[in-house]
Every structure is written in C-alpha cells, then in structure tokens.
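# Reading the structure
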Amino acid sequence: MTDFALKRQQILSKIEAACKKNARKFEEVQLLAVSKTHTADVLRQMHTAGQHSFGENYLQEALAKQEQLQDLSIEWHFIGHVQRNKTKPLAAHFDWIHGVDRLIIAERLSSQRPDDLSPLNLCIQVNIDGQDSKDGCAPEDVSELVQQISQLPNICLRGLMVIPKPDNTAAFTAAKTLFDQVKVQHAHPEHWNTLSMGMSSDLEEAIAAGSTLVRIGTALFGARDYS
Ligand SMILES: *Cc1c(COP(=O)(O)O)cnc(C)c1O
C-alpha cells in the first residue's frame, strides 16, 4: 500500500468506527479530501489511492490543478468563501460549492452555470455559533434562503455547511437540528441530504452529531506549508 492509500484507509476506518459507535451507516458519510496547498501530483496519487472528491479553497490554485488533472474523473468541491466577482469561473469549473451565504451569490452561480453542465450542487454556509467572522448566514436566515435558492433553475440545493469554533461540539448538534428543521418546513427539498461538517480534529464529534460529509485536509495529506 502507498502512503496515500494508507492514510486514506486510516481516515476511512475512523469514519467507519464513528458511524458504528453512533449507529449510523458508513455509506451515509462521505470523505472529502481537502487539498489546498498540495500539488497536482499529490492529488493524482490520492486519486490513484481511490479518492474521487477533492475540496479546494482558492480559485486560481484550483483551476491550475484542474488543468493538470483533466485526464482524471474528479468531483471538485469549492469550500472557500465565495466572492461575488468569482462566481463565473466557480459555476463553470466546480461540481459543488459549500460556502454560499447570500441569495445574490446563488443567483449569479445559477445564471452563470454553463448549459451543458448539470445543476450546480450547493450548500448554504451557516455561522452556527455566532462568530465574528462575516462568513455564513445567521441561523434564522436559513429558512428564507432555502425558499429562495430552491427556485433557481441551475442549482441543486443539497444542505448546510458549518465551520464551528474549535471544540464547540454543541454547534454540530445545533447544525443538525437546523438541517432537520428545513426538511420539515420545506417538505424535503428534493436533494436536501448533505450536512457538511467535521475536519481533521473533530470528525468523530461531527459524525456523532449527524454529519454526512467530512472535509479532511491535515489528517490525509499532513500539515500544510503556506510559505
Ligand atoms: C482547510 C479546510 C478544511 C480542512 O481542515 P483540516 O483541519 O486540515 O482537516 C476543512 N474545511 C474548510 C472549510 C477548510 O478551509
């Protein structure tokens, strides 16, 4: 087994153990490999190890890697904050966008999604524990955003994404409650099945609370070097 395959297997085993412990099905939790700062060659090796979905935070960096990995079948997720002036390339080059917190962003992504591509999968980012950071909508705004975004023709609204403060596991439970409320209030938006939460240091707690997609960088690829 390569180091890449070994690391991936270790994370999958952790996910499986967390599922078992919480009486959940392993198939309900997807592993997203967060590959920001890592080279296209590293992604290629992780792909060879069996990983097909990758999450990137920086548009230019992601586009360069996509170019180099065109021969592979990869599901690309954008997990960074979405700026209004970046929606066009995002709509054209990604399969999923996790960080949408305003209607105008979703509207632009919908109108800029190329006709030959299937609807863009989208998660609403929620500032679940009231952090000062301006990323994420307020929990009380979720219902109205769901109502509005689910009308957009080229968007497939999939669920919620949260990044709570470290060690705030109560926030995971709050996110799960909000996620379930939408199902009830909006009579199950058809594809509403994704709760994107949990990273390297808290994936077990996130799975215990109901995460369906964990975003794992460091535990898979090692520490990031930003120099
Ligand atoms: C970088 C990043 C991750 C991965 O974090 P690790 O702690 O390295 O697993 C997950 N989600 C988002 C939104 C990120 O920016």
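For the structure itself, consult the block above.
Each chain has its residues counted from 1, running along the sequence as written. Local features in this predicted model are restricted to residues of pLDDT 70 or higher, and side-chain atom pairs are both shown and tallied only at a pLDDT of 80 or more, whereas totals for entire chains, interfaces and linings draw on every residue. The side-chain numbers reported here are obtained from all heavy atoms of the structure, hydrogens and water having been left aside.

## Some words on the site of the ligand
- Proximity criterion: a residue is near a molecule or strand once any of its heavy atoms comes within 4 Å of it. Inspection of the region around the ligand gives Val34, Lys36, Asn57, Ile79, Ile163, Met199, Ser200, Arg215, Ile216, Gly217, Thr218 and Arg224 as its neighbouring residues.
- Within the contact set of the ligand, a nitrogen atom lies 2.9 Å away from a side-chain nitrogen or oxygen of Arg215.
- Identification of polar contacts relies on pairs of N or O atoms within 3.5 Å, with a donor-acceptor requirement for protein atoms, meaning one able to donate a hydrogen and the other able to accept it, and with residues adjacent in sequence counted only if both atoms are side-chain atoms. A distance of 2.8 Å separates an oxygen atom of the ligand from a polar atom in the side chain of Arg224.
- Three categories are distinguished: nonpolar for Ala, Val, Leu, Ile, Met, Phe, Trp, Tyr, Cys and Pro, charged for Asp, Glu, Lys and Arg, and polar for the others, with Gly belonging to the last. For the shell around the ligand, the class distribution of residues is five nonpolar, four polar and three charged.

## As for the environment of Asp167
- Tracing the chain through its elements places Asp167 in the loop between β6 (155-161) and α7 (170-185).
- A simple rule labels every residue: compare its accessible area, found with a 1.4 Å probe on the protein chains alone, to the largest value its type can have, and call it buried under 20%, exposed over 50%, or partly exposed in between. Residue class for Asp167 comes out exposed when judged on its relative accessible area of 76%.
- It is 30 Å that separates the C-alpha atoms of Asp167 and Asp95, two residues lying 72 residues apart in sequence. Working definition: helices are DSSP H or I runs of at least four residues, strands are E runs of at least two. Numbering for both runs from the N terminus.

## Some words on helix α6 (residues 142-149)
- Where α6 is concerned, the buried positions are Val142, Leu145, Val146 and Ile149. One side of α6 holds all its buried residues, which, seen down the axis, span an arc of 100 degrees.
- Residues count as neighbours in contact if any of their non-hydrogen atoms are within 4.5 Å of one another. Along its buried surface, α6 packs onto α5 (103-112), β5 (120-125), β6 and α7. Arc definition: directions from the helix axis to the C-beta atoms.

## Notes on the pairing of strand β1 (residues 30-34)
- Counting buried positions along β1 yields four of five residues, so the element is predominantly enclosed.
- Across four bridges, the pairing between β1 and strand β8 (residues 213-216) is parallel. Across the sheet, Gln30 pairs through a bridge with Leu213, a residue of β8.
- Bridge count for β1 against strand β2 (residues 53-56) is two bridges, and the pairing is parallel. Across the sheet, Val34 pairs through a bridge with Gly55, a residue of β2. By this definition, two strands are paired if DSSP reports at least two bridges between them.

## Points about the pattern of salt bridges
- A carboxyl oxygen of Asp or Glu within 4 Å of a side-chain nitrogen of Lys or Arg is what we treat as a salt bridge. This model, assessed by the stated rule, comprises seven salt bridges.
- In this structure, the salt-bridge partner of Asp71 is Arg44, at a minimum N-O distance of 3.0 Å. One end of the pair, Asp71, is in the loop between α3 (59-68) and β3 (75-78); the other, Arg44, is in helix α2 (residues 40-48), and 27 residues separate them in sequence.
- The class of Asp71 is exposed, set by a relative accessible area of 56%.
- Here Asp180 ties to Lys183 by a salt bridge, and the two come within 3.8 Å at their closest N and O atoms. Here the residue Asp180 and the residue Lys183 both occupy positions in helix α7, the gap between them amounting to three residues, near one helical turn.
- Overlapping salt bridges bring together Glu56, Glu61 and Lys65 as one network.

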